[in-house]
Amino acid sequence: MSRSHDNHDRRGLTRRGFLANTGRATAAVLLGRFVTGCATTGVLAAPRRRLSVVDGRTIDLHIAETRLAVAGQSAVATTINGGIPGPEIRLREGQDVTLRVSNALDEDTSIHWHGLLVPPGMDGVPGVSFPGIPPATTFEYRFPVRQSGTYWYHSHSGFQEQTGIYGPIVIEPREPEPYNYQREFTIVLSDWTFENPHRVLANLKRYGGYYNFQRRTLANLADEPPGALANRFSWARMRMDATDIADVTGATYTFLMNGLSPDENWRGVFEPGERLRLRFINASAATYFDVRIPGLPMQVIQADGMPVVPVETDEFRLAIAETLDVLVEPTGAAHTIFAEAMDRSGHARGTLATDPHATAPVPGRRPRPLLTMADMGMDHSNMQGMDNGGAAGGDHGPAHQNTPSEEHSGMSGMDHSHASGMDEMAAACSENLDVVARHDGDGHGAGNAMVAETARSRISEPGVGLGQDGWRVLTYSQLRRATPGEDSQPVTRTIELHLTGNMERYMWSFDGEQYHRDMPDIVLHYGERVRFVLINDTMMAHPIHLHGMFFELDVGACERNPLKHTVNVQPAERTSFVVTAQEVGRWAFHCHILYHMEAGMFRVVEVRV
Ligand SMILES: [Cu+2]
């Protein structure tokens, strides 16, 4: 709390200044809406201020091409029931549901239920689970709802996810939850481009840095500290740039919150004194968001739909395809929800307020971060003096500032802060997180242009550009499953996969081989427990998603390791998770950056009886 207030003070926002600012911003927004209305008279529906909701035993979803307004401009989108995002699907744990998806596009479509435990034929991945949904047909998905929490759904066909086919899923639990809140809001973050995504991919294939206008120039070398020049020569030798944090950026993207641009300002209206549950979903095609509500601490209660031991934080990085539920207790009449793109090329924004017209100050975006030599997996011993120069916020010491809030320090014996102090029991069922993977001789061929020399665990690091603002940032190492796992079967084998890429040719893959239909599945045997070790050879972060089953992300906490469906693997990171092969069938396993998946970072995991 006090740290957050310090932040406000630093920005010089006195109470008086706050009110004046609010008034001005409201006028600007109203004017903006009026102008938008004129420009689009009679043609385009105004964007929905609220998510529509569908529920019940039978739900109809209609996929079509729709002309609508995005950020006040005319756009052609692929939509579900006419809007972006699609409707919130509201289900109850234990019910059966039939979802009738009709296709009015002139190409095949599909819907994948992200994070839901469904029969393999209902998972919605063309070529893996089913043939897809041809034009002018309706496909009926039927499955029992076996879980609760916050999830989402999206097309798994071509670039339809980028052009609007995504929406939230909220499943109410059978048993009441141990949370105290009076109101909830679902917050869908996404990225929109007015370009054709095929064009975007073509641009990236021609030049991987096409959307990266944030390169350092000779002019700003003068502003950089000593050592920066040597640092630059190293980057040049590796044909990379320390500013390549994201490959599709705010140069083409408009970032949306529940379908609304920052100027349109999505609002959640609450009554004074209420506690709120916020269900964050990163439904973007290629954007990591760093989310905070300046002045309001957030209590994280669920990750990827699964309950965790509550942990308080001030900011979190939400990887593509992840969800996170938090509780907040607003103290003011209006609070900004600020979601900065990881590379600081733009942001999404909304407001929680007691008055439907109120706004709160919008913070400035932070300077773009720079990757460090550690992000390239350069050995620490021969990089002294290199990564200290010019690294604006990208340094890589373990983030010890991320200690849990005092309220939870009563959890005896649970070390939330860092995973290095593992006891003997932990060593037996979790990996030693201090392990450093040295890359062997296999460079994985032309599909891998940037082999990290070494890879190590970074789960206690908040990520590039985070952790140096004086407030708390969530890390994976803080997540603990709320209810300990019961599966004590030993892990019988390990599957190691390298995340590989060639930025210049925009090739992305596992183990250097781009996915093709004839590639053999990764076969698991029903009931076995397998450890997957992911080694990121690239300098980009990749959100890796497994369909069909949750995995136990190894944060060194054994039966308290959190259950996830998506794990962010940081540059030059070695991370691992354990999966119990309990869902028979073929399941997609891929990077959830849409363009990376399309470029080949995709495999099929098959569980055989
Ligand atoms: Cu990727």
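Residues numbered from 1 in each chain as written. Predicted model: local features only at pLDDT ≥ 70, side-chain atom pairs only at ≥ 80, totals over all residues. Heavy atoms only, no water.

A. Representation of the overall build of the chain. Within the chain, the regular secondary structure consists of seven helices and 33 strands. Expressed as a percentage of its 609 residues, the buried residues of the chain come to 62%. For the chain, the exposed area adds up to about 23400 Å²; of that, 51% sits on carbon and sulfur atoms. (Helix = DSSP H or I, 4+ residues; strand = E, 2+ residues; numbered from the N terminus. Buried < 20%, exposed > 50% of the residue type's maximum accessible area, 1.4 Å probe, protein only. Areas by Shrake-Rupley, 256 points an atom, 1.4 Å probe, with all protein chains shown as cover.)

B. Representation of the coordination of the copper ion in the model. Within the protein, the copper ion binds to His542 (ND1), Cys591 (SG) and His596 (ND1); these donor distances fall in the range 2.0 to 2.2 Å. Sequence spacing among the residues donating to the copper ion works out to H-x48-C-x4-H. Separated by 49 residues along the polypeptide, His542 in strand β27 (residues 542-546) and Cys591 in strand β32 (residues 585-591) bring together distant segments of the chain. An identical accessibility class is assigned to His542 and Cys591; each is buried. (Donors = N, O, S within 2.8 Å, 3.2 Å for Na, K, Ca; no water.)

C. Examining the packing of aromatic side chains more closely. Scanning the model with the defined rule gives 20 aromatic pairs in all. For the pair Phe139 and Tyr141, a centre-to-centre distance of 4.8 Å together with 75 degrees between the ring planes defines the contact as edge-to-face. When the ring of Trp192 is compared with that of Phe194, the centres are 5.9 Å apart and the planes differ by 85 degrees; the resulting orientation is edge-to-face. Since its relative accessible area comes to 3%, Trp192 is described here as buried. Taking relative accessible area as the criterion, Phe194 reaches 35% and is therefore assigned partly exposed. In this structure an aromatic cluster arises from ring pairing among Trp113, Phe130, Phe139, Tyr141, Phe143 and Tyr153. (Phe/Tyr/Trp six-rings, centres within 6.5 Å; stacked < 30°, edge-to-face > 60°.)

D. Seen up close, the environment of Gln160. The residue Gln160 is located in the loop between β8 (149-154) and β9 (166-172) in this model. Given the relative accessible area of 2%, Gln160 is considered buried. Contacts of Gln160, omitting those with residues within four sequence positions, involve Thr78, Leu105, Glu107, Asp108, Thr109, Ser110, Ser155 and Ile165. (Contact = heavy atoms within 4.5 Å.)

E. Spatial organisation of the nonpolar core. Counting 108 residues, the largest nonpolar core has Leu278, Leu352, Phe532, Phe589 and Tyr595 as the members making the most contacts within it. Of all the elements, strand β10 (residues 183-193) adds the most residues to this core, at five residues. Residues from two domains meet in this core; each of domain 1 (53-176) and domain 2 (429-607) gives at least three. Setting aside chain neighbours within four positions, we find Tyr595 in contact with Phe159, Gln162, Pro197, Val200, Leu201, Leu204, Val248, Tyr253, Ala286 and Tyr506. Leu99, Phe143, Ile165 and Ile169 belong to the second largest nonpolar core, which has 30 residues in total. (Core = buried A, V, L, I, M, F, W, Y, C linked by side-chain atoms within 4.5 Å. Domains from an automatic or database assignment.)

F. Spatial organisation of the sheet that holds strand β7 (residues 138-144). What the four strands build is an open sheet, ordered β3-β2-β5-β7; its pairing is mixed. In the strand order of this sheet, the two ends are held by β3 (73-80) and β7, each with one partner. With direction set aside, neighbouring strand axes in the sheet form an average angle of 25 degrees. With six bridges joining them, strand β2 (residues 58-70) and strand β5 (residues 96-103) adopt parallel strand pairing. Opposite Asp60, over in β5, you have Arg100 as the bridge partner. (Pairing = 2+ DSSP bridges. Axes fitted to C-alpha atoms, helices over the stretch in contact; angles between N-to-C directions.)

G. Broad picture of the pattern of salt bridges. Summed over the entire model, instances satisfying the criterion amount to 34 salt bridges. Residues Arg292 and Glu340 are paired through a salt bridge, measuring 3.2 Å at the closest nitrogen-oxygen approach. A residue pair is termed long-range when its members are at least 10 positions apart, and Arg292 in strand β14 (residues 289-292) and Glu340 in strand β19 (residues 334-341) qualify at 48 residues. Ionic pairing is found between Asp304 and Lys564, a salt bridge with its closest N-O pair at 3.2 Å. Taken together, the positions of Asp304 in the loop between β15 (298-303) and β16 (306-313) and Lys564 in strand β29 (residues 563-564) put the pair 260 residues apart, joining distant regions of the chain. With relative accessibility at 2%, the residue Lys564 sits in the buried group. Linked by salt bridges that have partners in common, Glu88, Arg90, Arg92, Glu172, Glu177, Glu184, Arg277, Arg279 and Asp325 make up one network. (Salt bridge = Lys/Arg side-chain N within 4 Å of Asp/Glu carboxyl O.)

H. Focus on the confidence of the model for the chain. Per-residue confidence for the chain gives a mean pLDDT of 83, with 78% of residues at or over 70. Under a pLDDT of 50 for its full length, residues 1-42 has, in the predicted model, 32 contacts with residues more than four places off or in other chains. Ignoring residues within four places in sequence, the model shows residues 381-427, a span with pLDDT below 50, making 96 contacts including any to other chains. (pLDDT = per-residue confidence, 0-100.)

I. Focus on the sheet that holds strand β17 (residues 315-318). One open sheet accounts for five strands, arranged β12-β20-β19-β14-β17; its pairing is mixed. Strand pairing shows two members of the sheet lacking a second neighbour, β12 (266-269) and β17, which therefore form its edges. Neighbouring strand axes in the sheet, compared pairwise and without regard to direction, differ in orientation by 20 degrees on average. In the sheet, β14 pairs with β17 via four bridges, with the strands oriented antiparallel. Across the sheet, Val291 pairs through a bridge with Phe316, a residue of β17.

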